[in-house]
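Residue-level listing of the chains:
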Amino acid sequence: MAFLIDKIRQGKVWRFFGGIRPPELKQASASPIEELRIPSLITLPVERHLGEGGELLVKVGDQVKKGQQLTIPKGERLVPLHASTSGTVTGIGPQILPHPSGFTGTCITIKPDGHDLSVESKPLPEWEDMEPAALLARIREFGVEGLGGALFQTASKLQSALDGPDGCNVFIVNGCECEPVLTCDDRIMQEYAADIATGIRIIQHIIKPQLTVVAIEDNKSEAIAAMRAALEGSEVQLRVIPTRYPSGQARNLIRIITSLEIPFDEHTAECGVVVDNVETVLSIKQAVIDGVPVTSRVITVGGSSMGRIGNVRIRLGSSVRFVLNSFHLNPEFHQRVVLGGPMMGFTLPTIDVPVTKAASCILAPGSAELPLRQPALNCMRCGRCARVCPSRLVPYKLYALSLHSEHGKAQQNGITDCTLCGCCAFVCPSRINLTLQFRRERNIAFLLQDKERRNERALERIKAHEEKEAQERRKRAERKAAALQRIKEQGKPGPSPRLKLKDDSRPEERPAREAVTSLSETTRPLPQEDLRTQHSIPDETLAARRAALEVGGSFRSITPPARAAAHTTQRSVADETASGGSAKAQVTAGAEAAAQSSPRTASTAAAANGHPITQQEQPAAASSGSSEHLKSAPADPAVTPNPLPYALRRSGEQKSVREFTPWELPPEHQAEHSLVGLPSDPNRLNPILPRKPELLPGETPKLQLPERFKKLKNRK
Amino acid sequence: MVRRTASPSGPRSNLGLAPAPHLYARLTTGRLMLITALCLLPVALVQLYFLGCGLIWQFLIIYVTATLCEAAVSLLRHRPLKQTASDCSTLVTSALLALTVPPLLPWHLSCVCAAFAIVIVKECFGGLGMNIFNPAMAGFVFLLISAPGYMFSTFVPPAEGAFRIAGLGATYEVVIQRQDPAPLQERLHEAATQTDALSGATFLEGLKTSRKSGSADSMVNIPDFTTGAALYYSAQAAACAAGGLVLMIMRIIMVKMVLCYFLAVAGFSYLGHLWWPGLYLPELPTLLVGGTALAGFFIITDPVTNAGTGLGRISYAILVAFLIVVLRALGSYSDSVAFAVLLGNAAAPLIDVLTRRRPYGVGYRRGELL
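Residues numbered from 1 in each chain as written. Chains lettered and ligands numbered in written order. Predicted model: local features only at pLDDT ≥ 70, side-chain atom pairs only at ≥ 80, totals over all residues. Heavy atoms only, no water.

A look at the interface of chain B and chain A
So, step 1. Counting residues at the interface gives 56 residues for chain B and 90 residues for chain A.
So, step 2. Carbon and sulfur atoms supply 55% of the area that chain B and chain A bury against each other, a total of about 5,900 Å² over both sides.
So, step 3. The interface formed by chain B and chain A includes 2 salt bridges.
So, step 4. For the salt bridge of Arg358(B) with Glu261(A), the shortest nitrogen-to-oxygen distance reads 3.0 Å.
So, step 5. Here chain B is connected to chain A by 27 residue pairs in polar contact (both at pLDDT 80 or more).
So, step 6. Going through the elements one at a time, α2 (29-39) and α5 (81-86) of chain B are the ones with two or more residues in the side of chain B that touches chain A.
So, step 7. With 3 residues, α2(B) is the largest single contributor of residues to the side of chain B that touches chain A. (Contact = heavy atoms within 4.5 Å. Buried area = accessible area lost by both parts, 1.4 Å probe. Salt bridge = Lys/Arg side-chain N within 4 Å of Asp/Glu carboxyl O. Polar contact = N/O pair within 3.5 Å; in protein donor to acceptor, adjacent residues only side chain to side chain. Helix = DSSP H or I, 4+ residues; strand = E, 2+ residues; numbered from the N terminus.)

Some words on a nonpolar patch on the surface
Residues and elements named next belong to chain B.
So, step 1. Together, Tyr270, Leu271, Leu274, Trp275 and Trp276 give the surface a local cluster of nonpolar side chains, amounting to about 580 Å² of exposed area.
So, step 2. In this structure, tryptophan 275 sits in helix α15 (residues 255-275).
So, step 3. The class for tryptophan 275 is exposed, based on a relative accessible area of 56%. (Patch = residues over 30% accessible without salt bridge, like charges linked within 9 Å, V, L, I, M, F, W, Y side chains within 5 Å. Areas by Shrake-Rupley, 256 points an atom, 1.4 Å probe, with all protein chains shown as cover. Buried < 20%, exposed > 50% of the residue type's maximum accessible area, 1.4 Å probe, protein only.)

What to know about the nonpolar core
All names here are of chain B.
So, step 1. Ranked by size, the top nonpolar core spans 95 residues in total, and within it Tyr261, Phe297, Phe298, Ile300, Tyr316, Val320 and Val341 carry the most contacts.
So, step 2. With 9 residues, the single largest contributor to this core is helix α18 (residues 310-330).
So, step 3. Looking at which domains feed residues into this core, each of domain 1 (29-192) and domain 2 (201-354) supplies at least three.
So, step 4. Other than its neighbours up to four places away in sequence, valine 320 contacts Tyr261, Ile300, Ala340, Val341 and Gly344. (Core = buried A, V, L, I, M, F, W, Y, C linked by side-chain atoms within 4.5 Å. Domains from an automatic or database assignment.)

Brief notes about the domain arrangement of chain B
All names here are of chain B.
So, step 1. Looking at chain B, the domain boundaries give domain 1 (29-192) and domain 2 (201-354).
So, step 2. For domain 1 versus domain 2, the distance between C-alpha centres works out to 21 Å.
So, step 3. Residue-level contacts link 32 residues of domain 1 with 29 residues of domain 2.
So, step 4. For the pair domain 1 and domain 2, the summed buried area comes to about 2,700 Å², and 82% of that belongs to carbon and sulfur atoms.
So, step 5. Counting across the domain 1 and domain 2 interface gives 0 residue pairs in polar contact (both at pLDDT 80 or more).
So, step 6. When residues of the side of domain 1 that touches domain 2 are traced back to their parent elements, those giving at least two are α2, α3 (41-51), α6 (89-100) and α8 (135-146).
So, step 7. Of the residues belonging to the side of domain 1 that touches domain 2, the class tally is 25 nonpolar, 6 polar and 1 charged. (Nonpolar A, V, L, I, M, F, W, Y, C, P; charged D, E, K, R; others polar.)

Okay, here's the thing in C-alpha cells:
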C-alpha cells in the first residue's frame, strides 16, 4: 500500500459506513463571536487538573490573577488549571459539576474583583527554534486540551504520535462540526483563520507530518473560503467533505480522509494519524506564541427558548445560569437545558453548574423545536439502526441482548465500540432510545472488564505472596539444617544459646503469673507464650479495639498485651475492684520484682492484671519517643487496678493507659500501629478484612429489583 | 472520592430531563405501516376491476376481526389500547390477507383466518416485532390447509370490468349471506372476453394439472399480456411495482433486496425451464402470475420476519425466490408463495447468525499509510 498517502494527497474523499443527515439548525453561524461581561462568581472544577496526588497552589482568601496557575497536576495526562479572571478565592470545596446526574466535585470558587487583571503573558516569537519537547511542555503547561469535547490532552496525543512506531503521517485539523446547532468552530474558522494557520504550522513543527489536511463539511461555505485564503501558499490541504453526521468523530474523519478504519482498541495518534479540533489548534497558537493559557472557550448558545442566539467566548467557570441570563432565556414549562449539541448533549439537572472546556454548546430548545420523545413501541427489526451505525454494530440485536442482561454476548457483539453518537436512536421508527440502553451497557462492560483486571491482579499478588512464603520457609529450613550441622561438627550437644535464653526468662515471669492466679480462683492462668509471641489477634481483642475506636479513643491507647489481659482477666479484676484491693500489694510486688529482672515482662505482667502502668514502672528505654506523653500524663503513684473496658468507656482514664512504642510489639502489630492517627476506619483494623468495594466513577450500581417485582417473583 | 448527586440535598429541579439524542427522524412505525397500506391501493384497484367487489367485504371483515382480536389481546396483556392502535400493522396485515384470500370466501372463514393470523401467529409470540412468521401468509396457509375445498370453489376467473357484474350487492349475498357462489362465478366466466388457457379457475390451477402430466410447456404459449386474464396478471404486477416503487423511494423497503429477489426468481425459473421444460415455467410467466410480484414488494420486505442486516436480507430474498420456483414446479398446491415465505421466515434466524457483520477496524494493519 505504498500509494495510499499519494492517493490521499490527490484529494480523494472516502465515505464512512452509516451516518445520518439530521436537520442542521445552524442559525447561529451568522452571529459573530461576542464577549460577555465578567460573571459574579467563577467556579473551576479541579479534580481533572489534580489527579491522584496533585497539588493545589492556592488557598481560601488568596488573591489570584487571570491566567494564574492554580494546580500542579500529578501525571502526564493532566494539565494545570488557570484562573479565568482576577479576584479572591472564596472557597475550595464540593460543588455540583456539569454532569447528567448532578455529581459534586471539588471546585475552586473565585469572587471576581472586576478588574480582570492578568498575569504577565510570556510570548514566544522564536518558537521555530525550539525543540518539540519544549513546545510540548509549554502546550501542556498552558492547559491545552482537546476542545472538541473529549478533553484528550493535546500534548500527550502529540507525544504519542511522536513515540509511535512510524511517527506521524497525516495530521487532520477537524473543522467538520457535524453536530446540529453547533456553530462555534464555524465562527472560529471565519474569524481566526490566520491564527489557525499559524497553529497548524506549530503542530507541523512539532510532529512533522507527511501530510496535513484541514477537513470542513460542505455546509460551511464562509469558513471554507476563510480557511482557503489563510492556507494560501502553504502545503496544507483543504478538504471539503460531504455533510453527514457524525463525520466529526475522529475515527469517521480518519476513514473519510485516509480510508483507514482504526480499531477502537488502538490509539489513533499511535497509528500515525493525529486529529485535532480547530479550536484546539487555535489555543495551541495562543499558548505557544502569545503565551496565554486556556482560560476561555467559544460556545454556541441556541434553542428557540432563548431570547437571542449566538456564539460567545466565555470564561471557564462561568455558570450556565449566567449564560442563559445573558441571552435572555424565556423558559417554557419544564424547560430542557442541554449542555452539548442535540445529538450527544445531556440535559442538566440544575443550571448552577460551571462551563468547562468540554462544553461546546448550551441549548435551550422549545418543545416545538425539539419535541419530546414519544413512548417506545416494540422493535420491529426494520434494520434502520444497523444501516446508520458508523461503528458497524447491529444495534437492534445489541439492544435485545442488553435488555436481557446478556452482558457477555453484548461484549462479543461489540458494545465497547459504540461511540454513543445517537444515530440509531435518531432513526428508530419505534422511538426506542437505543443510545440510552447502550450507555448503560457500555458502563457495565467497562465495569466487568475492570473487575476482571482486578481479579487477575489479585491472583498475581496471591501467587507472588505464596512464592515468597515458600522461599522463606525454604531458607529457614536451610538455616536450621546448617545450624544443626554446625552443632554436630563442634561436638557440643545441647540447646543453642538462644534456646537457653528462652528458658532463663521463664522463672522470672513466674511471680507475675502467680500474682494473677492469686487474684481470683476463677481466673485461668495466662498462657505466657501467647503473651510474648502472640502473632494472631483473637476475635475478642479485635472487638475491644473496635470498641476503643468507637468511643473515640486513639488506637495507641490499647496495647496488645493489655488487650490480651482484657480478654482473660476482665471479669475477675472487675470483681476484685469492687471488693477492695487486698491483692493490690501482691500485684505491685510481683510486678516490681519482675521489672527488676526484665522490664518488658514486668509491664506485660502488670498489664495482665488490668493494672495501669505508671511513670515509675515505665522503663527508660521505652520512653524514648514519648517524652510529651510523660509530661502530659499526671504522675499517679497510687496504683489502682484499672479494668480495661471501664477505662475504654471513660475517656478521662484513657490517658493513664500506657502507650506502647511500636518496637515493643511483634512486627505485625507494628505495622498496624503505623496506621494509628489516621481517621478511624474500622476496615483498616485488620488488613485481611475484605474491604467494602467502592463505586468507580463510571460504574453503575447493581440493579436492585423494586419490592413489587420481588413479590411477583416470589409468587410464581 | 465521595460522590453525591444534587437532587437529595438541593431543591427539586423543575428543569426538563431527557436522554440524548434530542433529535429524531420523522418516520414512525405507524406512519411506516400506513404508507405501506396506501401503497397496496393500486393492487386493490386492479383486483376490484378484474375480480369484483368481493375484496371490499373481505377487507372489512378481516380488518374488523383483526382489530377486535388485537384489542382483546392487549386488554388481556394489560397494554394500553392507544399504543396498540398507534402502529397500523393490523391494517397492513388485513390488507394483505384480503388481497390473497379468494374474493367470494364465506365470512366465517375470513374471520377464522384473520383471528388465527393475529392471535396465534402474531400476539402469541409477543405482538408486533416478535412474530416469527408473516401473519398474513400464515393465515392464508392455515385456510389453504384446513379448508381447501372452500378455497378452490370461491376463486373467481379474472374478467375485465368484473366489478360491474360482481358488484357490492351480488358479492354481499355470497360472502355475508353465504349463498352459493357458483352462479356468480358462471356469469364472470361468461364475461371473460376471450377463453384461453388462462381463463380457468386460475392459471396456476391449470398449470398444476398440466405439470403433473409433465406438459407445463404446453401452458406457456401465452399470446400476449394485453387481453383477458393475462391482462389481469400483468396489471397486478404493474400495480405492485408502482406501490413498491413508492416504498423504495421513501426508503421503507430495501432496493437491493427487491432487485435480488426478482433477479433470483427469473434466474432460477430460466434454469429450471432450460433443464426441465415440462415442470418449470419460463421466467416471464413466473414473474407475472400468482403472488410473485406482491411477495417481492410487500411480503418478503416485512421487516419483522426477515433477516436483519443487508446481506442477510439479500440471502433471505434469494432463498424465498428459490423456494417459490421449486415449490411451484414440485409442490402439490397450486401456488407456492405463501409456503416459500413461511419457510424463509423459519430460516431467517439462521441467516441472521450466518451473515454476521464485519466489526469495525477488522483488517487494519499498522503502517498501512506508507
